[in-house]
Amino acid sequence: MIRTFPLCRVPGTLLACLLSVNGYGHGETPMEVGTLVSAAVSVTWRDDGMLLQDDGRWLIPGVLMGGEAYPVDAGVTVDEARLDLAHRTAERVFGRLQIASHDGVSDAEIHHAYGGLQLDTGPVLTTLAAGRMAAAMTPANGEHASDRLFSETPLPLQAFLGSQLNDDGARVSLGLGAWQLGLEAWRGDRFPAAGEGEDLNDVYLHYRDGWNGVQVFAGIWWLQADAVNRSDTRYSADGHDHGSVSQSTTLPEYWFDGRTEIGGAFLRLDGGHASHWHWALEAQYLQVSIEGSVRDSTRLAPWSAEDNGGWLQASLGHGAHTLGLRWERLVLENHLSGAAAGALADLTGLYNPDHDPERISAVYHWQVQPGLALRLEAVDDAIQTESIQRVAVGLVWQAELL
Amino acid sequence: MRCAGALRRSRLWTLLYPLLCSVMLVACGGSETYLDDEAANKTAFDWALREGVPLPLEPAANPMSETKFQLGRHLFYDARLSGNGTQSCSSCHHQDKAFTDGLVVSVGSTGDSHPRNAQTLTNVAYNATYTWANPALITIEAQMHTPLFSEQPVEQGIDDSNQDAVLQRILDEPRYEALFAEAFPAQGSPVSFANIIDAIAVFVRGMTSFNAPFDRYQLGQRSALSASALRGQELFFSEALECFHCHGGYNFSDSTVDRTIAFVERPFHNTGLYNIGGSGDFPPDNQGVFEATGDPSDMGKFRAPTLRNITLTAPYMHDGSIDTLEAVVEFYAAGGRNVESGPYAGDGRTNPFKDSFVSGFAITAQQQADLIAFLHSLTDESFVTSPRFSNPWE
Amino acid sequence: MVGVVRKNGLALGVTAVLGALGLTACGGGGGSSSDEAPKSLGSTPVSIEFAAMVADQVLACDTDYTGVGTAGSMVQVKDFRMFVHEVELLTDGGKSVSVSLEDSPWQAQGVVLLDFEDGTGECTGTAETNRIITGTVPDSGDVYTGVRFVVGIPESLNHLEQASVSPFNVTGMNWGWTNGFKFIRFDIPNWNVHIGATGCVADGNGDVQCSQANRPQIELDNFDFQTQHIRIDYAALVQDNNVSTDTGGAVGCMSGGTDPECNGVFTQLGLNLASGDNDPALAQTVFSVSN
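Positions within a chain are numbered from 1, following the residues in the order the chain's sequence is written. Each chain takes a letter, starting from A, and each ligand takes a number, starting from 1, following the order in which they are written. Two thresholds apply to this predicted model, a pLDDT of at least 70 for residue-level local features and 80 or more for giving and counting side-chain atom pairs, whereas whole-chain, interface and lining totals are computed over all residues.

Draft legend 1. Here's a closer look at the overall build of chain B. Numbering of helices and strands runs from the N terminus, with a helix taken as a DSSP run of H or I at least four residues long and a strand as a DSSP run of E at least two residues long. The helix and strand inventory of chain B stands at 15 helices and three strands. Dimensions along the principal axes, computed over C-alpha positions, put chain B at roughly 85 × 60 × 45 Å. Each residue is classed by its C-beta neighbour count within 10 Å, where at least 20 other C-beta atoms makes it buried, 12 or fewer makes it exposed, and intermediate counts make it partly exposed; the C-beta atoms are placed from backbone geometry. Looking at chain B as a whole, 52% of its 394 residues qualify as buried. We call two residues in contact when the distance between their C-beta atoms, placed using the backbone, is within 7 Å. Within chain B, contacts between residues separated by at least 24 positions form 68% of all contacts whose residues are at least 6 apart in sequence.

Right, here's the structure in full:
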């Protein structure tokens, strides 16, 4: 069983740690008895940010944006800052509290606040957890800049999960050998769901094992989300202030009602643990089906979408040095109908006649010391029809405080 | 392989296909957006709209046609269409003033003063309601009964006693025979008030104006707006000034309908022009929607007119009681008007029925100039000079 | 019937007995079944005549009337027209029978325009006049002893664009600001009575609905349409008003809910001014039966 943890505690396990950064995410069920307090900060300077709309919004053309899908900006940004407290008793009762800011947003929020227990039920290990958690259907969900090889959140997660699916809910998972079957039910007011008490559930099947020194982590998953009155809340916090003359242009308001279904699959391979050379491969794929309608204060258009997206990532390292490549792509097929189809497609950013948003990133990652890494990134960003290039220099600091 | 085409709702595919596609991501091309307006935007008429502006509604009983438009244009400019033969629609709707008359209040064919200021005909095809304050008038055809037949005040002054003579005058003008025959083919005697109303409605409905500097800027001509107008635009659309709440959208009025609109609103607003005796009252002949509904909360509510061509339509407000745009901006900055003396004395700023968006704001002289520069950018010179809307009798 | 005979002798017997009972019971009418009615019944022409009066004088243009209203004013008539619909005759048995109105320039879609002014003198309306409702009722042995009608145009027709259908195209009855019609137009110089539906608002679908119907329903007993007529008395209508002055709102009463002149006029029509509904507590005084 691979036990993962966001921090690299022992210098000797540096290599495994590096790979786990690329591998298993943070915020998983605490598996070691005792209490651990840890912190992580990722800071990055970029020579340029993502291309925005004239009104300042970041849209992926063809995607109904929402959740916490924020762009990266030029200059210095704190990609993530988090403080994590995890505890587990000998009786297999555990809890985790994590406060984090991410995606360059300065406000910290409670990212994890859950408790649970594990029950040894015959051959099956049953894990129950409830509270605020990142959904576990894919390890990529809830991984932040400090966890990933790359500082920027994968594009398909930005597009289809609003950067991350993190909600109040409950999880039951059944572990049998290398297999794990999980069921998660959420309160359902987070993207891609919206509205109190709407359906937001997912189910996953994961496989983790080692084959001839290669760690395999693979899974398939399915998620459904019902939304009522879902709006793009990313920019509304600073929007409606009736104060001084200096306020800038107001943003269009629109809403989505309907159902989103997402099927996903992933494969992560880590190899080379035994030597100084190490490598990792990752493939993630999401397929999205949306049925519903978009509307603004006066107009409505039935909307359906068949989207898919994914990324491929490969890295090769020697000692503390790792080189990585990531390639992400979205294919977005939208159908809008009714008299307002064209107007609402424009307003919502769903109009994308022929562009497949794409991004290619290269990284050099140097684990300078166990708690500190330097990364240099070069990104070819073709998310918009006009593509731009940027370079980034970042530091990732991680520490065990207790 | 085209992934999008192969995707259907099969759950089996949902499981298998991702693996295929993620391996072959490079081949999964083809983002597309399919728009099906379900024929809502079919029209036989050249509306001369710019990109981004939806088509207005077209009454099923009176579809647009160029022949009706041309007949309507002749009738619009024809003083024969009044009881005493002295006044046409164009008497109070001058093209060079964006089809207003420049007067505080208009004067009818028999000398009656109208209680209200003549409204622009700019883009009236998009009005959710017609006249200044009438929630029952939602077509130009229905509205036209008032200028033609109204008795209080008399406008064009057509009534039972003179209507036959009016029709006879139309019949006697030789140019009309062909115009009526082309506009209303296969009708034995097409010279009727029903057809006259339909034709003028088509002409007026066809008066679209979307060629102002603002529109050219929207279409990408960055030089179309001055730096001052751009600053003014930002002010206009700011939550501080709140202008856009009532004067928003492509027609700068919240009283706007078009073919794309599913949820129609027909709003009216009290802007705090009056507050006679502190009870919220407006002058007795000008009480807004209250006159139509009798609902006390409708006192002083009027339709927000379009701000397109607003620089040409002074004086302002339903009763023409504000002379200049500068004074209008000052009025809104003050959050209403305090009438200090006379029969209408009262502080409009505290009118109990005043719209919450008319809450006042602080504005510098430069900001005011910028805002007015932006309003100037809404003036469409081609609209007021176009031969298409001009007097065909000249 | 033939089918029934062939199939079932018992049914034949029952039908015959019921038929015989029906025949003997006939004469009073009222019980005839729906599929027999068209065969046996023709129609009886009905004409209901109206007379417009100012107290005991016949109303006409270019005539002086004295003692009108609370100030005893001297007046001339300027206009005197009204729409009527839902015309019914009432039987001595308490039944109501709808009168089908024949289409004519004065009558369409169940609505009739009554017009008592001829455009002479102070009058400004059309030269043609109409004092009669013409129609038919189904033949029966009914004895008609009363009449009922509603003043105005029904809501379903009040906001239609029918500019080429007479009498909906009569210019003077147009009430543009309500997107409808004046139901009653009784004008004297500087004192107008315009009764029509008010509070009219178009909803999102474009349907116009009026919150005040203002349609008086008039029921008159002891009325024989063959020998009697219905009086419309202007003096009764304005008996509580001073028609020489106007104290507020429109000149006279134009159905304004806050117009001081409307209280008296609405009361005499049996209408509640606030709601626009017929008020059972108010007895209308304008319409009466006359020989």
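From this point, the narrative continues.
Draft legend 2. Quick peek at the overall build of chain A. Scanning chain A from terminus to terminus reveals three helices and 16 strands. Counting over 402 residues, chain A shows a buried share of 50%.

Draft legend 3. Focus on the nonpolar core. By convention in this section, buried Ala, Val, Leu, Ile, Met, Phe, Trp, Tyr and Cys residues joined through C-beta atoms within 7 Å make up a nonpolar core. With 153 residues, the main nonpolar core has I200 of chain B together with F83 and V84 of chain C as its most contacted residues. No other element matches helix α8 (residues 193-205) of chain B, which puts nine residues into this core. For I200 of chain B, the contacting residues outside a window of four places in its chain are G72, L75, F76, C89 and M144 of chain B. By size, the runner-up hydrophobic cluster in this structure holds 63 residues, among which are A136, L155, Y204 and I262 of chain A.

Draft legend 4. Focus on unusual backbone geometry. Note that the residue after F191 of chain A, namely P192 of chain A, is joined by a cis bond; omega there is 5°. Going from A314 of chain B to P315 of chain B, the amide bond is cis rather than trans, its omega being -5°. Its location among the elements puts P315 of chain B in the loop between α12 (290-293) and α13 (325-333). Phi at N212 of chain A is positive, roughly 50°, even though this residue is not glycine. Assignment of secondary structure puts N212 of chain A in the loop between β8 (200-211) and β9 (214-231). Backbone geometry places F99 of chain B, a non-glycine residue, at a positive phi of 65°. If you trace the backbone, F99 of chain B turns up in the loop between α3 (66-76) and α4 (140-143). The class of F99 of chain B is buried, set by 27 C-beta atoms lying within 10 Å.

Draft legend 5. A look at the interface of chain C and chain B. Across the boundary between the two partners, chain C contributes 26 residues, which contact 27 residues of chain B. Going through the elements one at a time, β16 (198-202) and β17 (208-212) of chain C are the ones with two or more residues in the side of chain C that touches chain B. Looking at the side of chain C that touches chain B element by element, the count peaks at five residues for β16 of chain C. Lys, Arg, Asp and Glu make up the charged group, whereas Ala, Val, Leu, Ile, Met, Phe, Trp, Tyr, Cys and Pro make up the nonpolar group; the residues left over, Gly among them, are polar. In terms of residue class, the side of chain C that touches chain B is built from seven nonpolar, 18 polar and one charged.

Draft legend 6. Quick peek at the pairing of strand β14 (residues 184-188) of chain C. All names here are of chain C. β14 sits mainly inside the fold: five of its five residues count as buried. Side chains I184, F186 and I188 of β14 all project onto a buried face; the interleaved residues R185 and D187 project onto the opposite face, where all are buried too. Here the rule is simple: two strands pair whenever DSSP picks up at least two bridges between them. The hairpin turn running from β14 into strand β15 (residues 191-195), its antiparallel successor, is two residues long, and N190 in that turn takes a positive phi close to 65°.

Draft legend 7. Structural view of the pairing of β9 of chain A. All names here are of chain A. In this sheet, β9 lies alongside β8 in antiparallel orientation, the contact comprising 12 bridges. Paired with L205 across the two strands is I220, which belongs to β9. Hairpin connection of β8 to β9: two residues between the antiparallel strands, including N212 at a positive phi of 50°. Relative to strand β10 (residues 255-271), β9 is paired through 15 bridges, and the arrangement is antiparallel. Paired with D226 across the bridge in β10 is R259.

Draft legend 8. Representation of the confidence of the model for chain A. For chain A, the mean per-residue pLDDT works out to 87, and 89% of the residues sit at or above 70. Each residue carries a pLDDT value, the predictor's own confidence for that position, ranging from 0 to 100. Here residues 1-25 of chain A is modelled with pLDDT under 50, and outside its nearest four sequence neighbours on either side it reaches 51 contacts, counting other chains as well.

Draft legend 9. Layout of the packing of α13 of chain B against helix α14 (residues 365-376) of chain B. All names here are of chain B. Interaxial angles span 0 to 180 degrees and are taken between N-to-C directions of axes, which are lines fitted to C-alpha atoms, for helices over the stretch in contact. Put simply, α13 and α14 touch, their axes get as near as 10 Å, and they point 120° apart. Regarding the angle of α13 to α14, the classification is oblique. When you trace α13 past α14, the crossing you get is right-handed. Across from L325, E326 and V329 in α13, the residues of α14 making contact are Q368, L371, I372 and L375. Class assignment of the residues belonging to the contact of α13 with α14 gives a composition of five nonpolar, one polar and one charged. Working rule for angles: under 35 degrees goes down as roughly parallel, over 145 as roughly antiparallel, 65 to 115 as roughly perpendicular, anything else as oblique. We call a crossing left-handed when the near helix sits turned anticlockwise from the far one by less than a right angle, and right-handed when that turn is clockwise.

Draft legend 10. View of the environment of S315 of chain A. Relative to the assigned elements, S315 of chain A resides in strand β12 (residues 300-318). S315 of chain A sits 34 residues away from L281 of chain A along the chain, and the two C-alpha atoms are 6.5 Å apart.

Draft legend 11. Quick look at the packing of α3 of chain B against α8 of chain B. Residues and elements named next belong to chain B. As a packed pair, α3 and α8 sit with axes 7 Å apart at the nearest point and diverge in direction by 100°. With respect to their mutual orientation, α3 and α8 come out roughly perpendicular. Facing K68, F69, L71, G72, R73, L75 and F76 of α3, the residues of α8 in contact are I196, D198, A199, I200, V202 and F203. Counted by class, the contact of α3 with α8 contains nine nonpolar, one polar and three charged residues.

Draft legend 12. Fine view of the environment of V72 of chain A. Tracing the sequence through the fold places V72 of chain A in the loop between β1 (34-46) and β2 (75-88). Residues V72 of chain A and D48 of chain A lie 24 residues apart in sequence; the distance between their C-alpha atoms is 8.5 Å.

Draft legend 13. Local environment of the environment of G276 of chain C. All names here are of chain C. Its place among the elements puts G276 in the loop between α6 (262-268) and β21 (287-290). By the C-beta count within 10 Å, which is 21 here, G276 ends up buried. Placed 21 residues apart in sequence, G276 and S255 show a C-alpha to C-alpha distance of 9.0 Å.

Draft legend 14. Structural detail: the confidence of the model for chain B. Residue and element names in this part refer to chain B. Looking at chain B, the pLDDT average stands at 91 and 93% of residues meet or exceed 70. Looking across chain B, the model is least confident in helix α1 (residues 3-6), with a mean pLDDT of 35, and most confident in α3, with 98. For the stretch residues 1-13, pLDDT sits under 50, and the model shows 17 contacts to residues farther than four places along the chain or on other chains.

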